[in-house]
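Structural description and commentary
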Amino acid sequence: MENKDQRYLVQQNKIADGEKKPPVFAKVMRSREGKFEGVSFIKNKEKATVMSVAEAQEVIDWAASKKSNAAEYATKIICLGQ
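In this report, the structure presented in the accompanying data block is examined. All residue numbers refer to positions counted from 1 along the written sequence of the respective chain. The model is predicted, so local features are restricted to residues of pLDDT at least 70 and side-chain atom pairs to those at 80 or more, both for listing and for counting; the totals for chains, interfaces and linings are taken over all residues. Heavy atoms throughout the structure, all of them, feed into the side-chain values; hydrogens and water do not.

Next up on the list: the overall build of the chain. Runs of E in the DSSP output that reach at least two residues are strands. Runs of H or I that reach at least four are helices, and both are numbered from the N terminus. Secondary structure assignment for the chain yields 1 helix and 4 strands. Counted from the first residue to the last, the chain has its helices and strands arranged as β-β-β-α-β. Based on C-alpha atoms, the radius of gyration is set beside the globule rule, defined as 2.2 Å times the residue count to the power 0.38. Taken over C-alpha atoms, the radius of gyration comes to 13 Å for the chain, in line with the 12 Å a tight globule of 82 residues would show. Taking the principal axes of its C-alpha atoms as reference, the chain extends roughly 45 × 30 × 20 Å. In this scheme, a residue with accessible area under 20% of its type's maximum is buried, one over 50% is exposed, and one in between is partly exposed, where area comes from a 1.4 Å probe on protein chains only. Going through the 82 residues of the chain one by one, you find that 29% of them count as buried. Every residue pair with non-hydrogen atoms within 4.5 Å of one another is taken to be in contact. Of the contacts made within the chain by residues no fewer than 6 positions apart, 54% connect residues no fewer than 24 positions apart. For every accessible area listed, the method is Shrake-Rupley and the probe measures 1.4 Å; residues are considered covered only by the protein chains on display. Accessible area of the chain: about 5800 Å², with a carbon and sulfur share of 51%.

Shown next as structure tokens:
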């Protein structure tokens, strides 16, 4: 069985805030079958979803297409230890 590399988080900062406010992190919402349904951004890093790079990219793509104010945020993939 293949071991998936799951050690990434998606971090989001409001561009206008600069470094003044702490970032928020993605918490992925999935159906009972495990199908991706969406994302909410939360302040608590420990409760954020740890995911693979492909899953993290899916989160970024979803946020860019579904959030009307996505251009106001810098969204990036970070390694778990950062």
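We are not done yet, so read on.
With that out of the way, let us pick up the sheet that holds strand β2 (residues 24-30). The pairing criterion for strands is at least two bridges between them, as found by DSSP. The antiparallel open sheet is built from 4 strands, whose spatial order is β3-β2-β1-β4. The sheet is open, and its two edges are formed by β3 (36-42) and β4 (73-79), each paired on a single side. Here the average twist between neighbouring strands, direction ignored, is 35 degrees. Inspection of the sheet shows strand β1 (residues 8-14) paired to β4 by 7 bridges, in the antiparallel sense. Bridge pairing in β4 links Gln11 to Lys76. Note on geometry: axes are lines fitted to C-alpha atoms, helical ones only across the stretch in contact, with angles between N-to-C directions running from 0 to 180 degrees. Seen against the sheet, helix α1 (residues 53-66) touches β1, β2, β3 and β4 and runs at an angle of roughly 80 degrees to β3.

Take α1 next. With 14 residues, α1 extends 20 Å between its outermost C-alpha atoms, agreeing within 8% with the 20 Å of an ideal straight helix rising 1.5 Å per residue. By the burial criterion, the buried members of α1 are Glu55, Ala56, Val59, Ile60 and Ala63. Along the axis of α1, the buried positions cluster into a sector of 145 degrees, meaning they face one direction only. Exposed positions of α1 whose direction lies more than 90 degrees from the buried face are Ala54, Ala64 and Ser65. On its buried face, α1 is in contact with β1, β2, β3 and β4. A helix is expected to span 1.5 Å for every residue after the first. The directions considered for the arc run from the helix axis to the C-beta atoms.

What follows deals with the side chain of Gln12. One can find Gln12 in strand β1. Overall, Gln12 belongs to the buried group, its relative accessible area being 4%. Nitrogen and oxygen atoms within 3.5 Å of one another constitute a polar contact, given that in protein one can donate a hydrogen and the other can accept it, and given that sequence-neighbouring residues count only through two side-chain atoms. In terms of polar contacts, Gln12 uses its side chain to reach the side chain of Thr75, at 2.9 Å. Apart from residues lying up to four places away in sequence, Gln12 is in contact with Pro23, Val24, Phe41, Lys67, Tyr73, Ala74 and Thr75.

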